[in-house]
Number of protein chains: 2
Amino acid sequence: MRKTTIILAILAFATGLQAQYSPYANKIRLDWDLEYRLPGKSRTQVTEATVPGAVQLDIARAEKYGPYYYNDNWKDYLWMEDQYFTYRTEFERPSTGSNARIFFVSGGIDYEFDILLNGNKLLHQEGMFTPVSLELTGDLSENNILEVRIYPVPKMHQVPADRSQAAQSIKPAVSYSWDWHPRLIPSGIWQESFLEIRQESYIREALIHYTLDKDRSAALIDLDISGVQLQGQEVIWKIRDANDQVVASKIIKPGSDQLRISTRLEQLKLWWPHDHGTPYLYNSALEVRNADNELLQIKEEYIGFREVKLVMNEGAWNEPQGFPKSRSVPPAQVEINGRRIFAKGTNWVNPEIFPGIITDERYDELTDRAVEANFNMLRVWGGGIVNKEAFYRLCDEKGLMVWQEFPLACNNYRSTPEFMEVLEQEAVSIIKALRNHPCITIWSGGNELFNSWSGMTDQSLALRKLNSLCLELDPNTPYINTSPLMGMGHGHYVFRDMDTGEEVYSMMARAHFTAYTEFGMPSPSSIEVLKTIIPANELWPPRPNSAWEDHHAYNAWVGNTWLMQDMIEDYFGETRSLRELVDNGQLLQVEGYKAIYEEARRQKPYASMALNWCFNEPWPTAANNSLINWPNIPKPAFRAVSDACRPVLASARIKKLEWREGERFETDLYMLNDRYRSIPPGRVRVTLVAEGNGELVLLNWDHRDLNPNENLAGPTARGILPKWNTDRFRLVLEVDGHPEYNSEYTLLYQPKQQPVSNPATLNQ
Amino acid sequence: MRKTTIILAILAFATGLQAQYSPYANKIRLDWDLEYRLPGKSRTQVTEATVPGAVQLDIARAEKYGPYYYNDNWKDYLWMEDQYFTYRTEFERPSTGSNARIFFVSGGIDYEFDILLNGNKLLHQEGMFTPVSLELTGDLSENNILEVRIYPVPKMHQVPADRSQAAQSIKPAVSYSWDWHPRLIPSGIWQESFLEIRQESYIREALIHYTLDKDRSAALIDLDISGVQLQGQEVIWKIRDANDQVVASKIIKPGSDQLRISTRLEQLKLWWPHDHGTPYLYNSALEVRNADNELLQIKEEYIGFREVKLVMNEGAWNEPQGFPKSRSVPPAQVEINGRRIFAKGTNWVNPEIFPGIITDERYDELTDRAVEANFNMLRVWGGGIVNKEAFYRLCDEKGLMVWQEFPLACNNYRSTPEFMEVLEQEAVSIIKALRNHPCITIWSGGNELFNSWSGMTDQSLALRKLNSLCLELDPNTPYINTSPLMGMGHGHYVFRDMDTGEEVYSMMARAHFTAYTEFGMPSPSSIEVLKTIIPANELWPPRPNSAWEDHHAYNAWVGNTWLMQDMIEDYFGETRSLRELVDNGQLLQVEGYKAIYEEARRQKPYASMALNWCFNEPWPTAANNSLINWPNIPKPAFRAVSDACRPVLASARIKKLEWREGERFETDLYMLNDRYRSIPPGRVRVTLVAEGNGELVLLNWDHRDLNPNENLAGPTARGILPKWNTDRFRLVLEVDGHPEYNSEYTLLYQPKQQPVSNPATLNQ
């Protein structure tokens, strides 16, 4: 057993706990061991534990497992699912002032656990998102042993061994296996954990809420404090602007029993998504000082003032027509500070299989990527975790809107009393932790709960409870029960439907949705990534029942997902090398994603949202819909999507991928503008370019000026495809004097004499 | 001023207050005067007031107005909308025991009011559904004046003077004028009101809730008592079955601070809708007795044990197909005690314009009619009032399911803090008053709130609050935000669409809805009714700007509703008399309603509900969709609908109303069975009958046995229409040995030489 060295330290860094910073709190770091028992062994093993982390990683390190992301190494971890594990630490009673109290504090322990001090159980808890703040004071001896006993991962049943096992817990379902996630279920202490010495006047919770003036130029700010007992102390509340200037200040004098302070802030700077303004943040600092003006506690957090609404999509009240008449769709149009904003973004999944090892740096670099992709919204998908506080702080700072789902996905979560109790506890913790982040734009009960594969309905008491809790604790942020709702679309996830053969181009052109909240386009990962996960002798040719399948190239979703070599070859002919397979597959991803994002944008204002499935991935896949390979390696589609999401661009509605010599090429032209400012008149030059074969100018479109946030539909460009000696060509849109608005699209070309390889596209 | 004679009486009848009976309470009747001021007069008038009632009726009596339902007399009442009125009563301090307390109790006062005792304001309240229980004890003198000051009716704005004025109150919107309701806005004391002497140990609230065993054969019943202070008293709780046998009994001994009593009931008899079993009720009686075993208080109520759910309609999980994929529809299938029940019923509207004068007898005879119509569900429409307690007690007893809407309709109720406060108060009162009635099957936020003419959305804080309150106070009864929801249909309300000319037959045949929660079919009222509301010289011919229009024959809804003489004449030729107009219009209503009810039933199991618009009416209309004229005069369609809603019947899908000589007649045949028992094989004889012209046998269909709750689709019957000398004929379905399953349909006939009068039906 390792013994913690007691250092009464003032830790300089934020803890992430409860979305609030406590840099001046007295915290004591603990060093932990982990006790476990190997399968078939009677003796227990002990190893050093990394906290935060996961028991699986500690054991893998101790037992010298290979990397979990390589080949089929994930199978090595399966035995751990049904075991108990014990974290153990030893420490001396800290020397403190007479009135100080000692707490064990943890931001989160995954999933069910007991906490024991010197052999006495002080706490049992189910739920990884509810922080632990456990007073030890009266139970401490001179020398102490603190244990955290982790239960087996929650399973509603043993068979089938899939996500349905998670249907009676608030354990993120993804780790029970998904079409891009192996069966690898983490457990253990996953958030910062430490001893904390609190003075008697410790403020446990401080809730800031504000009311904006009607014109949003000022705010009334209320601060509610709970848990404090002021005797000789005073509380000082200061609000600082982004230049560190104090713009408001209030004091609660010693002896006061006033637990609400209010202040007004004039000349308010609002928080905006990064593509519509500055994501302006104020700092709120709450200091507790004693009679000698010594700082006993400081609670800091950031405030971003914004008004967020879901309002009716333009034109949506006109539907449905005729009788019998049903209801109109629910609103899906995000409005921030009175401005209707087209949400361009993506579905965010766990950046690691083991949430305990997600670093602030990983969050930082991935949110940087989101901004680089011209995204303004991240949907934190309900199959995964609610992220650590750093993620939301970064989204606040970078002006990224967050659609936050509760961790329920693709299951029928039945409202048993036991489940409801844990759900309420976890939901309250989640809402309280996140509600003060201005990035939080939409609460959602979870993922795809109202579809056949989940089987939940609006009558679910669990979802009614989530709606009710959000109303109570965060009434000014929209809540939806799930995604998709009526009028929202999920899918498709392939370039061409496996049954109908319909391509993404026409499928999207005839789609009529208020929001495209998931759509995917698979591609193989780059060779460099593949080499890190697939043994060299399995790399070529790819085949099922190999590391390719372990990494989701085969039998991942319906049909031959996600590698889809047959479809790739249908378009490009027989593949002769891994390089060719990857290049052609990635080209389909590039063109497919561009087609969807741009078509969704062309459907503005009725359509108001385009979020692809998915942004990142928690381990390196062999093939997936992601734009970024784990841990942070963009695919070619990342750049293409970034282009498709530029605030202003020229855009063409593509009819199909494959064209033949002599065929009449046609494409509808648009100028897209998501900015709230006018774009002057301009000229768009429309050309078909066949590398080494010259080019064909189709049209020069002189467009009028674009109003703020207005798309402009232009003419249809047409031309007969000449005889070229090539198998592909590009449609190029060039905007005079504004190369930053240019767009281009790669298309396939068939000389006349050759038969078309894919009968399904013959008559399109 | 009238002086109340003090009689310390034990009133023998239930008060309707808070859905609980208090027959042994000491109540003192009060006699009231009403003070009002006529327009343009400075002096106030005083008249005797009828309580419960309405100030409008008291003044009309005093000022000798004609009946408000005659001609345009409703206009006489408009001046009263913006006035204050004062009810006043004088009484001596009742002589009571030393610890007794005196309360002023009222079941409801409409809408905003002050209560003053001897000139001192003791209460201000907004909201007519929250009972008043105001302690007067300490404020009483020897002689007392109690006043209730009624405010002007709530108006969000002065212009436009329509239902939108009700959009910031919980005042039922209908009285601000509707397509079948004049502008006539009631106010005043509308529920039983009296003084009450309460002993110290008075039980204010007793909540019964129960948990059924999984097999529903037994129940655990909990009783929570609040407001009681037991000293020398004991509380005895007895549950009696329908034979008055005590089946459970518990005692709370004096001095106990136990406020929850529990008991188990075995061999439970469940409550069922009348067409699926017995609406079995138990009686719960709670007696408070003193040490001498004297009865101080008794609280009685009825308990019906049932499990109610909204479950997914059969087949609905298979939709939507394809990608992008939206959600599946919300469930609309009522399940009672595990049995899926097709809900046949109607929309219930206020039986009187002035709710204060609705009698128990009116409720009794109208709910009898509902049973007679083979209805099992009443939707209490959100434009009207929440009914008096007697209505729900009668629905409990008669096995009628109630879909109860909160009183919000066709407005955008904005969630201002002021509105939210009144909404919460009223909703809590409504839920507490009704939740223990087994008839309550669905809570709904209100009527048509998610359509363009209302403009509310799922994001409405008001609706989220109602959902939340229902979850908290009555979690086991389904809640929906509004009707129609996705998958539910409202309308059409005419026999033939005014724009497309499509008839009800084909419109319904192509409709695909889980629930038809409103559909109408207008007809003129019978001549006997018309004569009571329209001056003799205006009766024929009908014309706009007359009493006909006052009573909704013209400009009531879109187009030429509700008389629709042009459509009637389009089918039947020029009308020569009032009798002919009424007969032909009523025939369209008969055939139209039959067509919709039967088609909705043929669409079972995907469809699960058919509720017409509307059942009754609050005053006599000249033309309306109602089945019953005010106060209780069935139209011919009432009988037709009753036939269409028989549990078992032969049914034909009609293609159109008008047929021509020599044309091939076609109709699809069905046997419909809503009973949960088998129907043996049988023979259906299908005949066309032209009175005086003989008949044409089309088919004998020998059908197999019908499974419980199963419809059977049969063959299509066909035949060439012979030459007849008639303008109409009947399609007759006769079931051998079961005349109670027979059905018939009236159709129109055109000899060959005549041109068809309506071009729109030419090619059908």
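Criteria and cut-off values
- Residues numbered from 1 in each chain as written.
- Chains lettered and ligands numbered in written order.
- Predicted model: local features only at pLDDT ≥ 70, side-chain atom pairs only at ≥ 80, totals over all residues.
- Pairing = 2+ DSSP bridges.
- Helix = DSSP H or I, 4+ residues; strand = E, 2+ residues; numbered from the N terminus.
- Axes fitted to C-alpha atoms, helices over the stretch in contact; angles between N-to-C directions.
- pLDDT = per-residue confidence, 0-100.
- Contact = placed C-beta atoms within 7 Å.
- Domains from an automatic or database assignment.
- Expected span 1.5 Å × (residues − 1).
- Buried ≥ 20, exposed ≤ 12 C-beta atoms within 10 Å, placed from the backbone.
- Arc of directions from axis to C-beta.
- Least-squares fit on C-alpha atoms with pLDDT ≥ 70 in both.
- Right-handed = clockwise from strand over helix to strand, strands pointing away.

## Quick notes on the sheet that holds strand β16 (residues 234-240) of chain B
Residues and elements named next belong to chain B.
Move 1: As summarised here, the arrangement of the four strands in space is β17-β16-β19-β20, forming an open sheet in which the pairing is antiparallel. The open sheet terminates on both sides in strands that have one partner only, identified here as β17 (246-252) and β20 (295-303). Sheet twist, expressed as the average angle between the axes of neighbouring strands with direction ignored, equals 15°.
Move 2: Looking at chain direction, β16 and β17 are connected through six bridges and run antiparallel.

## With respect to the confidence of the model for chain A
Move 1: Taken over all residues, the pLDDT of chain A has a mean of 94, while the share at 70 or more is 95%.
Move 2: Throughout residues 5-24 of chain A the model reports pLDDT below 50, and contacts reaching past four residues in sequence, or to other chains, amount to 50 contacts.

## Remarks on the domain arrangement of chain A
It is common to give the size of an interface as the accessible area lost on bringing the parts into contact.
Move 1: One can read the domain layout of chain A as domain 1 (9-198), domain 2 (205-303) and domain 3 (656-761).
Move 2: Taking only C-alpha atoms into account, the centre of domain 2 of chain A sits 54 Å from that of domain 3 of chain A.

## Digging into helix α4 (residues 417-434) of chain B
Residue and element names in this part refer to chain B.
Move 1: Across its 18 residues, α4 extends 26 Å between first and last C-alpha, which sits within 8% of the 26 Å expected from 1.5 Å per residue.
Move 2: Buried within α4 are the following residues: Val-422, Leu-423, Glu-426, Ala-427, Ile-430, Ile-431, Ala-433 and Leu-434. Projection of α4 onto a plane perpendicular to its axis shows the buried side chains occupying an angular sector of 155°, all on one side. Counted as exposed and oriented over 90 degrees from the buried face of α4: Pro-417 and Glu-421.
Move 3: Elements that come into contact with the buried residues of α4 comprise β9 (120-126), α3 (389-398), β26 (401-405), β27 (440-444) and α5 (461-473).

## Things to note about the relation of the copies chain A and chain B
Move 1: Expressed as a screw operation, the relation of chain A to chain B combines 0.0 Å of axial shift with a rotation of 180°, fitting to an RMSD of 0.0 Å. The two molecules are tied by a two-fold rotation axis, judged by turn and shift. Closest to the rotation axis within chain A is the C-alpha of Ser468(A), separated from it by 2.5 Å.
Move 2: Looking at the interface residues of chain A, 100% of them are also at the interface in chain B, so both copies use one shared face.

## Here's the deal with the pairing of strand β24 (residues 343-348) of chain B
All names here are of chain B.
Move 1: Within β24, six of the six residues are buried, leaving the element largely enclosed by the surrounding structure.
Move 2: Inspection of the sheet shows β24 paired to strand β32 (residues 609-612) by four bridges, in the parallel sense. Its bridge partner being in β32, Lys-344 is matched across the sheet by Ala-610.
Move 3: Bridge count for β24 against strand β25 (residues 377-380) is four bridges, and the pairing is parallel. Bridging across to β25, Asn-347 finds its partner in Arg-379.
Move 4: The parallel pair β24 and β25 is bridged by helix α2 (residues 360-372), and the resulting crossover is right-handed.

## Topic: the interface of chain A and chain B
Move 1: Contacts between the two partners involve 39 residues from chain A, matched on the other side by 39 residues from chain B.
Move 2: Contributing elements (two or more residues each) for the side of chain A that touches chain B: α5 (461-473) and β29 (488-490) of chain A.
Move 3: In terms of residue count, the dominant contributor to the side of chain A that touches chain B is α5(A) (six residues).

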